[in-house]
Amino acid sequence: MSKRGKKPAGDTELARVHGLHAAEAVLQRRPEAVVRIYAQESRQDDRLNALLDTAQALGLVIERCGTEQLDKLSHDGVHQGVCIEVMPSQPKTERELWALLDGVQQQGQVPLLLVLDGVTDPHNLGACLRSADAAGVHAVIAPRDRAAGLTATARKVATGAAEFVPFFQVGNLSRCLATLEERGIWRIGLAGETPLAYTDCDFKAPTALVMGSEGKGLRRLTREHCDQLVAIPMAGTVQSLNVSVAAGVCLFEVVRQRTSEQ
């Protein structure tokens, strides 16, 4: 076992990332944030061993443990024999957002952003981050005030995605949306009353998908800064979906459209 490990400051609550793919990503992207790696003592396979070899080369703390302990650490998630404790990532600034977008476009990628207008439930934020990670979203943007942040609950629900998806908190969401327009980002808002179905919208251009709050939906100013409004057709008795479910539905329509051209 390595002797080197980062100690959290004060009462900082560590984030946990589990599963081989997520663990490999942590070692590649944020090795400096790793506090400890828990590895299943009874598991000996090439992929896990390769990951532990990398961790040892980086001088990271590795602790072998049983399946029951791993189950508890990963909240009964699919840990695949490994769970990593990391110093939690912090929300990024608006200036960092523009730098990220510059990098995305310089690499020839088509930007995909998820904008959350006043989502206050940390469970919903965590679920949105999880869907955003799965869909390859480049950044999630939310207001700094009157909205959920990266709390322990949001991180737990995100099951590791909060440590990978860049999360930006901005002081003025309307101004941020206006700057996105200047940068050639098409702003698509989800609103239940519009007749245009989300499947009829062209998501192949650089896109910011804008979702409203759990109860009130998009605020007036946010709505006015959208280039187009779309809806998810509802065939049953309920009038709307949970914001995290709606985000997942729309994000994977973007993925479907973009991958169908390849």
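Our subject in this report is the structure included herewith. Keep in mind that what you see is a predicted model, and the values were worked out from it rather than measured.

1. Looking at the pattern of salt bridges
Here is step 1: Inspection of every chain in the model, using the stated rule, returns 16 salt bridges.
Here is step 2: With a closest N to O distance of 3.2 Å, Glu163 and Arg30 form a salt bridge. One end of the pair, Glu163, is in the loop between helix H6 (152-158) and strand S7 (167-170); the other, Arg30, is in the loop between helix H1 (20-29) and strand S2 (34-40), and 133 residues separate them in sequence. Taken individually, Glu163 and Arg30 each receive the classification buried, so the pair is uniform in this respect.
Here is step 3: Linking Glu253 and Arg256 is a salt bridge whose minimum nitrogen-to-oxygen distance equals 2.8 Å. You can see Glu253 and its partner Arg256 sitting in helix H9 (residues 243-260), three residues apart, about one turn around the helix.
Here is step 4: What makes Glu253 buried here is its relative accessible area of 6%.

2. Points about the environment of Pro111
Here is step 1: You can see Pro111 is positioned in the loop between helix H4 (94-106) and strand S5 (112-116).
Here is step 2: Overall, Pro111 belongs to the buried group, its relative accessible area being 1%.
Here is step 3: Separated by 73 residues in the primary sequence, Pro111 and Gly184 have C-alpha atoms spaced 9.9 Å apart.
Here is step 4: In this view, Pro111 contacts Leu101, Val104, Gln105, His138, Ile185, Ala205, Pro206, Thr207 and Arg258; residues no more than four positions away in its chain are not counted.

3. Section: the sheet that holds strand S6 (residues 139-143)
Here is step 1: Taken in spatial order, the six strands line up as S7-S6-S5-S9-S8-S10 in an open sheet, and their pairing is parallel. Only two strands of the sheet have a single neighbouring strand rather than two, namely S7 and strand S10 (228-230). If you compare each strand with its neighbour and ignore which way they point, the axes differ by 25 degrees on average.
Here is step 2: As paired strands, S5 and S6 are joined by three bridges and run parallel to one another. The residue of S6 that forms the bridge with Leu114 is Val140.

Criteria and thresholds
Residues numbered from 1 in each chain as written. Predicted model: local features only at pLDDT ≥ 70, side-chain atom pairs only at ≥ 80, totals over all residues. Heavy atoms only, no water. Salt bridge = Lys/Arg side-chain N within 4 Å of Asp/Glu carboxyl O. Helix = DSSP H or I, 4+ residues; strand = E, 2+ residues; numbered from the N terminus. Buried < 20%, exposed > 50% of the residue type's maximum accessible area, 1.4 Å probe, protein only. Contact = heavy atoms within 4.5 Å. Pairing = 2+ DSSP bridges. Axes fitted to C-alpha atoms, helices over the stretch in contact; angles between N-to-C directions.

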